[in-house]
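Descriptive structure summary
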Amino acid sequence: MREVIAGLALGFWQLPEDIPAWQWCEKHIRLLSCPTPRPGSYSTMLTPYVRSVLDAIADPRVREVVLCFGSQTGKTTTLMVGASWLISNTPGPFIWVFPNDRLARTFSAERWLKMMDDSPTMRALLPEDRRRWTHLSQSFRNALFIFTGSNSPANLASNPVRFVILDEVDKLALKTVREANAVELAKQRAKAYWTIRKILETSTPTTEDGQIWQDFLQGDQTRSFWHCTKCGKEILPVFSKEMSVLPKQGVESELVWDNVEYGSDNWEQRTRDSTRLQCCHCGHQMTESHKTRLLREAVERPTVQNPEIRSFHLSSLYSPDITWGDLVVKFRKAKHSLDGLQGFVNGELAEPWMQQDEIKERREAIVLSGDPAAGELACRVLTADYQEREDHWWVCRDWFYGGHSRLVEWGRWTSDAELEEHRIRMSVAPDLTGVDSGHEGTAIYRMCALFGWFACRGDGAESWPHHVKGKHTKPVHRIWTERKFDPYSGTAHAGRKTVNELRWSNPGVKAVLKALRNKDRSPVRWEIPEQYATDEYFRHLDGEYEVDVYNPKTGKTQRIWKKRGRRWPDHLRDCELEQIAVAIRLGVLKTNDD
């Protein structure tokens, strides 16, 4: 113990070398006997994207470093060399948490200890008495190091530590009735070092609610940007813009490949040979031979501001050990397997599973702005979605006699005055302007009363009875209903104005939208001008997917719509649903009930 205390005291007075952390690692770390694709002196030449990670680990201002990485991108090796820098330059106790004790023991014996012995700088910090060194507990001259499994709550909740390393956090033990989850327990151990703590975590993500994805979103969401080898403009490589659930940066450039028939002769090699990365600016197609240059000239940049939590995302497109063609072959095999695409999305794309396989190729009717209209104009409608935050959206659409329609424009709004300006600019009548009243209903009702708009909202009901005038028959059930009411009831302004609210059936109107989006099957044209058929627009429209839910009480299976993810936007989808409800209410769009 005296040797450890002396080492800690010496560490406090030692100044680290005045070089970046990644250069220190290249200078001092050797990987000779531990499993690695490139044995020898540690080098970031082929993985320059980890340099900013290592510098973040060394930065005293950074409290947490989160690596949401794909497979074979070097995430565990990065943690190993980063921990080596911390041991040598900033004294303190460590804990490294694995999913279980067996993995912790194997990692320590097969990788960690071998790297220590291979690296003279680290070997010099080992205790002279190796009997004080075990696979799960190690005392350096200036640091204490513990390896443990997340299935050992007693180890996770014992002595305080300054540094916490969490490996594959989405596989760590979950919360139980008697214990908090492993991540919470491990992080609690660093509370005593609150101002100088450092928490490092890495994993491939699983679901949107998974630990690594949530921690990534809380950080600065650093991405690695490349530059097109032809036009030189900045690009962000992605496997597929439609499948990616990451916040869009506007420069996403995706992989393309020849449509080689799956299972045909030599299809795998022909797919690999045809795979390219296509620049979103100039259309130039880059080959695998350009990857080294693209990696070397990359720029790692945060996409949001949070200097205390540095979070990094990296898919396997960046890996020097996996070709783009290999990824495409894996993708096509996953599509044809019983296991589906989740493993590919999690492991290779480093993104959470949000039913990306439900996003199909575009089947909507996309037209040019100069194309002739689908008929005689019946009305122009503006509908707006309203959220609790200032993230409001609107859609304006022309509806023609016969049920055809064409999107006029869509956009955002932040205040009622701004929405009114859009209405006037779009030449929409006030009584054909509807605002979603699902959030802050009273405020929306009074807003509608002020400007002469109407309120609208979706409902879980299948339909409502309507009595047809002049006919003594059973009521007709329709997928909408409406009511008038006083938004100022109970106040001094009561009785001055009334507001109309259109309520529509969620399942019924969503079924109509699904039919309209398929131009090959829809009986009417539901058109989207090319300039408005953007990735963002379709991302909103794809915000829900259908699933089968079994009801044990009735013994029947019901097909329902489910949100793709809590953070997946669907506001423009809501606006389009409101558009359909209005068109049905006006009788412009006919349903089987009419």
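Use the structure listed above.
Now for a description of the structure that goes with this document. Going along each chain's sequence as written, the residues are numbered from 1 onward. Totals for whole chains, interfaces and linings use every residue, but because this is a predicted model, local features are given only for residues with pLDDT of at least 70 and side-chain atom pairs only at 80 or more, for both listing and counting. Excluding hydrogens and water, the side-chain figures rest on all heavy atoms present in the structure.

Thoughts on the packing of helix α3 (residues 51-58) against helix α4 (residues 75-89)
Put simply, the test is: Helix axes are fitted to C-alpha atoms over the stretch in contact, other axes to C-alpha atoms as well, and angles between N-to-C directions run from 0 to 180 degrees. Secondary structure elements follow DSSP: runs of H or I no shorter than four residues count as helices, runs of E no shorter than two count as strands, and numbering proceeds from the N terminus. The hand of a helix crossing depends on one turn: near helix anticlockwise from the far one by less than a right angle means left-handed, and clockwise means right-handed. The contact rule is simple, with two residues in contact once any of their heavy atoms fall within 4.5 Å. All amino acids are sorted into three groups, where Ala, Val, Leu, Ile, Met, Phe, Trp, Tyr, Cys and Pro are nonpolar, Asp, Glu, Lys and Arg are charged, and the leftover types, Gly among them, are polar.
Packing of α3 against α4 brings their axes to within 10 Å, and their N-to-C directions diverge by 35°. At the point where α3 passes α4, the crossing takes the right-handed sense. Of α4, the residues touching α3 (which contributes Val53, Leu54, Ile57 and Ala58) are Thr78, Val81, Gly82, Trp85 and Leu86. When its residues are assigned to classes, the contact of α3 with α4 shows seven nonpolar, two polar and no charged.

A word on the layout of surface pockets
Just so we agree on the cut-off: Cavities and pockets are found on a 1 Å grid laid over the protein atoms alone: a cavity is a set of points where a 1.4 Å probe fits but cannot escape, a pocket is an open set with protein on both sides within 12 Å along at least five of seven lines, and a lining residue has an atom within 4 Å of such a point. Grid points are joined across faces, edges and corners, and a volume is the space filled by probe spheres set on the points.
Considered as a void within the structure, the largest pocket measures approximately 1300 Å³ in volume. Those elements that provide at least two residues to the lining of the largest pocket are α9 (211-218), β21 (454-459), α16 (506-517), α17 (535-541) and α18 (571-586). Considered class by class, the residues forming the lining of the largest pocket number twelve nonpolar, ten polar and 18 charged.

Regarding empty space enclosed by the protein
Tallied over the full model, the rule gives two cavities of 30 Å³ or more. In this structure, the largest cavity spans a volume of roughly 110 Å³. Taken together, 15 residues form the lining of the largest cavity, with Pro237, Val238, Phe239, Ser315 and Glu351 sitting closest to its centre. Considering every element that reaches the lining of the largest cavity, the biggest residue donor is strand β10 (residues 234-238), with three residues. Of the pockets and cavities examined, the second largest cavity occupies roughly 40 Å³. Those elements that provide at least two residues to the lining of the second largest cavity are β9 (222-227) and β15 (309-314). Residues that form the lining of the second largest cavity fall into these classes: four nonpolar, three polar and two charged.

Things to note about the side chain of threonine 78
To keep things clear, this is the line we draw: Accessible area is worked out with a 1.4 Å probe on protein chains only. A residue is then buried under 20% of its type maximum, exposed over 50%, and partly exposed in between. In protein, a polar contact means a hydrogen-donor-capable atom and an acceptor-capable atom, both N or O and within 3.5 Å, with residues adjacent in sequence counting only if both atoms are side-chain atoms; elsewhere, any N or O pair within 3.5 Å suffices.
Along the chain, threonine 78 falls in helix α4. Among the residues examined, threonine 78 registers a relative accessible area of 1% and is labelled buried. Only 2.6 Å separates the side chain of threonine 78 from the backbone oxygen of glycine 74, close enough to count as a polar contact. What threonine 78 contacts, discounting residues up to four positions off in sequence, is Val50, Val53, Leu54 and Ile57.

Geometry only, nothing functional implied.
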